[in-house]
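Survey of secondary and tertiary structure
Single-letter residue listing:
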Amino acid sequence: MKTLKTYRVIKGTGLAVAGISALAMAVGAQAATLNIVSWGGAYSMSQHEAYDKPWMEKTGDEIVNIDRSGNALAGLRAQSQAGNVTWDLVDMLPADAMIACAEGLIEPLEHDELLADAPDGTPASEDFVEGGLGDCFVASIVYSNIVAFNSDMFPADEQPSTIEDVFDLENYPGKRALLRKPINNMEWALIADGVERDEVYAMLETEEGVQRAFAKLDTIKDEVIWWEEGAQPPQLLADQEVAFASAYNGRIFNAMVTEDQPFEILWDAQVFELDGWVVPTGKLDKVKDYLHFATDTQRLADQAQYISYGPARLSSSELVSTHAETGIEMTPHMPTHEPNFATALQKDDLFWADYNDELTQRFNAWLSQ
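Rules used in this analysis
Residue positions are given per chain, counting from 1 as you read along its sequence in written order. The predicted nature of this model means local features are confined to residues of pLDDT at least 70 and side-chain atom pairs, given and counted, to a pLDDT of 80 or more, with totals for whole chains, interfaces and linings taken over all residues. The side-chain numbers reported here are obtained from all heavy atoms of the structure, hydrogens and water having been left aside. By definition, any uninterrupted DSSP run of H or I lasting at least four residues is a helix, any uninterrupted run of E lasting at least two residues is a strand, and each is numbered from the N terminus. We compute the radius of gyration from the C-alpha atoms alone; for a globule the expected value is 2.2 Å times N to the 0.38, where N is the number of residues. Each residue is placed in one exposure class: buried if its accessible area under a 1.4 Å probe, protein chains only, is under 20% of its type's maximum, exposed if it is over 50%, and partly exposed if it falls in between. Contact between two residues is taken to exist if any of their heavy atoms lie within 4.5 Å; hydrogens are not considered. All accessible-area figures derive from a Shrake-Rupley calculation using a 1.4 Å probe, and residue coverage is judged against the displayed protein chains alone. None of His or the chain ends enter the tally, which takes Lys and Arg as positive and Asp and Glu as negative. By convention, charge coordinates are those of NZ in Lys, CZ in Arg, CG in Asp, or CD in Glu. Strands were regarded as paired on the criterion that DSSP finds at least two bridges between them. With strands facing away from the observer, any crossover in which the path from the first strand over the helix to the second runs clockwise is taken as right-handed. In the sections that follow, a salt bridge refers to a side-chain nitrogen of Lys or Arg positioned within 4 Å of a carboxyl oxygen of Asp or Glu. Here, a disulfide means two cysteine sulfur atoms that sit within 2.5 Å of each other. For every domain, the bounds stem from an assignment made automatically or drawn from a database. In this description, buried area is defined as the sum, over both parts, of the accessible area (probe of 1.4 Å) that is lost when the two are combined. For this classification, Asp, Glu, Lys and Arg are treated as charged, while Ala, Val, Leu, Ile, Met, Phe, Trp, Tyr, Cys and Pro are nonpolar and the rest, including Gly, are polar.

1. Focus on the overall build of the chain
Scanning the chain for helices and strands turns up 15 helices and 13 strands. In summary, the chain has a C-alpha radius of gyration of 21 Å against a globular reference of 21 Å for 369 residues, a match within 12%. Principal-axis analysis of the C-alpha atoms gives the chain an extent of 65 × 45 × 45 Å. Here the chain holds 369 residues, and 52% of them are scored as buried. Across the chain, contacts joining residues at least 24 apart in sequence account for 73% of those joining residues at least 6 apart. With the model as given, the accessible surface of the chain reaches about 16500 Å², and the carbon-plus-sulfur share is 47%. When the 24 basic and 61 acidic side-chain charges of the chain are each reduced to a single mean position, those positions are 8 Å apart.

Next comes the structure, spelled out in structure tokens:
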């Protein structure tokens, strides 16, 4: 009997529910409801298409998508302190995962027991990109923090091309939209001020380096609109409220190819990092089968049909093909594509795990000055 799949937004709750009909529930095995936390927008859509739909068809489970990854660490702390952990699986950044793991908020993971082998039999522990597997973390994608610009706001022969241009108000006027956090902004400030990429984090460990980054940010501070949600930068660019905006590369890609927005990405000094899954303490038995499925080679390759984030499994790369909606080749839009990757900086998760609280306090104090 054919099942009727449903996917709906629960208004006023911030939740999206994906599931199957009651009829299918009656003819299938006992179904579960999985509360899965992610980032929302184009990224959650890509997960829904690549992981959730086939999983629901296979099992009859209902999946509740919760857009809270931006504050996932705080959310896990609050639920743990209240003794009521309702999240079953959480999409989280590696630096936050290190902290959550150290605090006992999430489960340690035995990767080769939990995760699928590659199609050729390579164990999972040998099939992820460097840094893709942590004590309590499984990466799913490689994505990039970039700066994009609206090409309609600059003459055709004077388009920006480097991170230094973001800090050049004289030649490239207009507002800038930047994430309201020190992460990425501190790195870009130092690079724009002449610090070599391989010296950025060593410099930020010094008081001189921190002061230098803030001094560079001071040069554009009055022209910055600070954003907090990933949907804001593309909208600010589209409305021409800003000329430049820092953003997740997948959000800009989605606006460019599905909305035909006149955006361009400055791949110069992209800060690339991993993103993936953590399991709240006590939830592993409930989600281990879904996690095994959602991180296998085919599922991570399938996700790249919907968003321009590279798969974290090495065996998935050769399966990346074209964009599901437009049919364009996805490889040139990946952060790891060689021309895009030439001046990339890898986010130092250990640095941010150690210094995030301190630098966030200083950043917020700087903002209030």
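2. Quick look at the pairing of strand 3 (residues 33–38)
Of all 6 residues that make up strand 3, 5 are buried, and the element is covered over most of its length. Taken together, the 6 bridges between strand 3 and strand 4 (residues 62–67) define a ladder with parallel strand orientation. The residue of strand 4 that forms the bridge with leucine 34 is isoleucine 63. Between strand 3 and its parallel partner strand 4, the chain crosses via helix 2 (residues 41–59), and the hand of that crossover is right-handed. In the sheet, strand 3 pairs with strand 5 (residues 89–92) via 2 bridges, with the strands oriented parallel. The residue bridging valine 37 from the neighbouring strand is valine 90, located in strand 5.

3. Observations concerning the environment of aspartate 198
In this structure, aspartate 198 sits in the loop between helix 7 (185–192) and helix 8 (200–204). Considered as a pair, aspartate 198 and leucine 345 are 147 residues apart in the sequence and their alpha carbons are 8.0 Å apart.

4. Here we look at the pattern of salt bridges
For the structure shown, the criterion picks out 13 salt bridges. The salt bridge involving arginine 362 is made with glutamate 207; its shortest N-O contact spans 2.9 Å. Note that arginine 362 is positioned in helix 15 (residues 349–368) and glutamate 207 in helix 9 (residues 207–218), a separation of 155 residues in sequence. Under the relative-accessibility criterion, arginine 362 is labelled partly exposed at 24%.

5. Side note on helix 4 (residues 94–102)
Considered for burial, the residues of helix 4 that qualify are Pro94, Ala95, Ala97, Ile99 and Ala100. Each element contacted by the buried residues of helix 4 is listed here: helix 3 (72–82), strand 5, strand 7 (137–150), strand 11 (263–278) and helix 15. Just past helix 4, the residue glycine 104 takes up positive phi, approximately 75°.

6. Thoughts on the state of the cysteines
Throughout this description, disulfide means a covalent bond between two cysteine sulfur atoms. What the rule picks out here adds up to 1 disulfide. Disulfide pairing is shown between cysteine 101 and cysteine 136; the S-S distance is 2.0 Å. When the S-S torsion is 45°, as for the bridge of cysteine 101 with cysteine 136, the disulfide is right-handed. Of this pair, cysteine 101 sits in helix 4 while cysteine 136 sits in the loop between strand 6 (133–134) and strand 7, placing them 35 residues apart in sequence. Overall, cysteine 101 belongs to the partly exposed group, its relative accessible area being 24%. In this structure cysteine 136 comes out as buried when scored by relative accessible area, which is 3%.

7. Section: the domain arrangement of the chain
Its domain assignment divides the chain into domain 1 (2–142 + 274–338) and domain 2 (143–273 + 344–367). Of note, the centres of domain 1 and domain 2, computed from C-alpha atoms alone, are 27 Å apart. Contact between domain 1 and domain 2 buries roughly 1800 Å² in total, counting both sides, with carbon and sulfur atoms accounting for 62%. For the side of domain 1 that touches domain 2, the secondary-structure elements that each account for two or more residues are helix 2, helix 4, strand 7 and strand 11. Sorting elements by how many residues they give to the side of domain 1 that touches domain 2 places helix 4 first, with 4 residues. When its residues are assigned to classes, the side of domain 1 that touches domain 2 shows 16 nonpolar, 7 polar and 2 charged.

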